[in-house]
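Analysis of the macromolecular model
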Amino acid sequence: MQVNLKKDVRKRKTVENKARNKQNNQFMSLGPIKFGTLQIRRLPVGTLLLALLLGAGILLACEVASRFDAVSAELPPPSVGCGHQQLDTKLEQLELLAKTKGRVDCLIFGNSMVFRDIDPAVMVSAYRQQTGNSIVCYNFGLMGLSEPAAAPLARALVNKYRPRLLIFGSSPGSMDEDVGKFLTKRILANPWILYHQGEFSLDGWLIEHSRAYRHYIGHRYLSRQRSEVRLKKIAGQRKRIGLVSTEFGYADTDIIRMESMADLEGDDPLRDGLLLRKLKKYRIDAAHLDALEQILALDRRIPVLMLEMPYHPRLMEYLPDAQPIYDDVIGKIDTLARRHQVLFLRSQPLRLVSDEGWFDLNHMNGTGARIFSRWLGEQLGQAVRDGKLKDPALQE
């Protein structure tokens, strides 16, 4: 009796297994599985390939369309994802300049002092008078740019555009540990910057090679703005603080009102108070000096010119105790320049610009920028004639 019972159990299990295998085979087959009114069908390989090709075609069409100026103008401004509108604008301007001119001979790097104080058009004109040659030069000065952020950004743009000369403008004030923290943090973590440092990522590759993807990033950035009023407020702020630039990257003084300090009666604490408060708690940051050395080390690949960006002479009258600090920082910069055999142009002792040429204690207006840019072009031309620099117009 027990034997028969065991046989019945084994027979029942065999039947159940066959039924389960039959169900599994039905599920894996191409036939539909019915659950009420829902039917699920396994797609043939050909259909999947067709869907992939269709998707790739749509993406390719978007990429091609985004490269037409008429289409691009209607899309959100392209972005590399740092959340810095001026950086995105200047990257677009630089790309357009490289396409229209066929090359970029010279890149000028630095913070807002470089942005507002150096007009490449005036500098190039003075250089041409000295050498008889013309160069294509772009001012990549950015608001809030510090040396730790400038170093990887300079490497990325040198990799991309292969300029023949890099001019880096700096001052003792930019060596403070509190300078440029916001932009530095974003640039150091940006996938596009990391991609140019050899750290591959899909985001970095797409930002470098896909204009459509950069437009998409720009769309994401703009979508975070909560209202049209907010956008208008941002546009007004950009105009006031000087984010509007010419085709060569210089602050457009025809649009931005930059008064002269000589037109102001007495001192204006709203304009200079912040700078003075920062200088009173000034501390030299070793990370800034290390980053500056990384920039100067680019001279192994292209010629580098180190440029001192001047302050208004009145600054030392405000802060007489700042002179020893200033001399100490300039000494450290000079040491680094000598170590890398980089030409270091001093400007502060020359007092090139009078009151009529200053907007505040550390930014020139259009008048001062023309004077300073002409001097820089002349010095650059003289350095080429003296054999201290190779002519960027003639290098292969």
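Here the structure is shown first, and the text comes after it.
This section reports on the structure supplied with the text. Please read all numbers here as calculations on a predicted model, not as lab measurements. (Residues numbered from 1 in each chain as written. Predicted model: local features only at pLDDT ≥ 70, side-chain atom pairs only at ≥ 80, totals over all residues. Heavy atoms only, no water.)

Here's the deal with the pairing of strand β3 (residues 106-110)
Remember that side chains alternate between the two faces of the sheet whenever the strand is regular. The element β3 is largely enclosed, with a buried count of five among its five residues. Where burial is concerned, the two faces of β3 agree: the one with C106, I108 and G110 and the one with L107 and F109 are both buried. The sheet contact formed by β3 and strand β4 (residues 137-141) spans five bridges and is parallel. Residue pairing for β4: F109 is matched across the bridge by F140. (Buried < 20%, exposed > 50% of the residue type's maximum accessible area, 1.4 Å probe, protein only. Helix = DSSP H or I, 4+ residues; strand = E, 2+ residues; numbered from the N terminus. Pairing = 2+ DSSP bridges.)

Quick notes on the packing of helix α10 (residues 202-209) against helix α11 (residues 211-223)
It is at 6 Å that the axes of α10 and α11 come closest, and there the two elements cross at 110°. Regarding the angle of α10 to α11, the classification is roughly perpendicular. For the pair α10 and α11, contact is made by D203, L206, I207, E208 and H209 and by R211, Y213, R214 and I217, respectively. Taken together, the residues of the contact of α10 with α11 sort by class into four nonpolar, one polar and four charged. (Axes fitted to C-alpha atoms, helices over the stretch in contact; angles between N-to-C directions. Parallel < 35°, antiparallel > 145°, perpendicular 65-115°, else oblique. Contact = heavy atoms within 4.5 Å. Nonpolar A, V, L, I, M, F, W, Y, C, P; charged D, E, K, R; others polar.)

Points about the pairing of β4
Of all five residues making up β4, five are buried, and the element is well covered by its neighbours. What you see with β4 is no split at all: C137, N139 and G141 on one side and Y138 and F140 on the other are buried throughout.

Considering a nonpolar patch on the surface
Residues L60, V64, F68, V71 and L75 make up a contiguous nonpolar surface patch of about 440 Å² in total accessible area. By the element assignment, F68 lies in the loop between α2 (45-66) and α3 (69-72). (Patch = residues over 30% accessible without salt bridge, like charges linked within 9 Å, V, L, I, M, F, W, Y side chains within 5 Å. Areas by Shrake-Rupley, 256 points an atom, 1.4 Å probe, with all protein chains shown as cover. Salt bridge = Lys/Arg side-chain N within 4 Å of Asp/Glu carboxyl O.)

With respect to the nonpolar core
In terms of nonpolar packing, the biggest core is built from 82 residues, with F109, M123, F140, L153 and L157 touching the most fellow members. Looking at which element gives the most residues to this core, the answer is helix α7 (residues 147-161), with nine residues. Other than its neighbours up to four places away in sequence, L157 contacts L91, L94, L107, F109, F140, R162, P163 and W192. (Core = buried A, V, L, I, M, F, W, Y, C linked by side-chain atoms within 4.5 Å.)

Quick notes on helix α6 (residues 120-131)
An ideal rise of 1.5 Å per residue puts 16 Å on 12 residues; α6 measures up with 16 Å between its terminal C-alpha atoms. Buried within α6 are the following residues: P120, V122, M123, V124, A126 and Y127. If you follow the buried residues of α6, they end up packed against β3, β4, β5 (165-170) and α17 (366-385). Downstream of α6 by one or two residues, G132 has phi in the positive range, about 80°. (Expected span 1.5 Å × (residues − 1).)

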